[in-house]
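Coordinate inspection notes
Single-letter residue listing:
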Amino acid sequence: MHPPLPDIARLRPRQQMAMDCALCARPLGASGRVLGEVRHWGLPFRLWVCNPDCRAASSAIPST
């Protein structure tokens, strides 16, 4: 089972545009990895993280 993806509506624009990590908001540079893809308002977004183990911004991930 995959961990839940962040709620894209709660991310900053730079996180939505894959300029910053979707979890910790640090600049990605050339080392980013794809976390997953989501749809928001009918548009596809590919979320990127600085490393696969990044969990710094768990507040962006909806609780179940």
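Structure's up top.
The written sequence of each chain sets the order in which its residues are numbered from 1. Whole-chain, interface and lining totals are the exception, using all residues; otherwise, since this is a predicted model, local features are given only for residues with pLDDT of at least 70 and side-chain atom pairs are given and counted only at 80 or more. The side-chain quantities take in all heavy atoms of the structure and omit both hydrogens and water.

In this text, helices come from DSSP runs of H or I with a minimum length of four residues, and strands from runs of E with a minimum of two, each type numbered from the N-terminal end. Within the protein chain, the secondary structure is distributed over 1 helix and 2 strands. Each of the 64 residues in the protein chain was classed as buried or not, and the buried ones make up 33%. We call two residues contacting when some pair of their heavy atoms lies within 4.5 Å. Contacts in the protein chain between residues at least 24 apart in sequence constitute 51% of all its contacts with a sequence separation of at least 6. Accessible surface is estimated by sampling points in the Shrake-Rupley manner with a 1.4 Å probe; for residues, cover comes only from the protein chains shown. With the model as given, the accessible surface of the protein chain reaches about 4,500 Å², and the carbon-plus-sulfur share is 55%. The buried label applies to any residue whose accessible area, calculated with a 1.4 Å probe on protein chains only, is under 20% of its type's maximum; exposed applies above 50%, and partly exposed to all values in between.

The next thing to look at is the environment of Gly32. Looking at the secondary structure, you find Gly32 in the loop between α1 (13-16) and β1 (33-40). Sequence separation of Gly32 and Ala18 is 14 residues, and the distance between their C-alpha atoms is 8.6 Å. Once residues lying within four places of it in the same chain are set aside, the contact partners of Gly32 are Trp48 and Val49.

Okay, the nonpolar core next. Only buried Ala, Val, Leu, Ile, Met, Phe, Trp, Tyr and Cys residues count toward a nonpolar core, and they belong to the same one when joined by side-chain atoms within 4.5 Å. Residues Cys21, Leu23, Cys24, Leu28, Val49, Cys50 and Cys54 constitute the largest nonpolar core, which totals 7 residues. Once residues lying within four places of it in the same chain are set aside, the contact partners of Leu28 are Ala18, Met19, Asp20, Cys21, Trp48, Val49 and Cys50.

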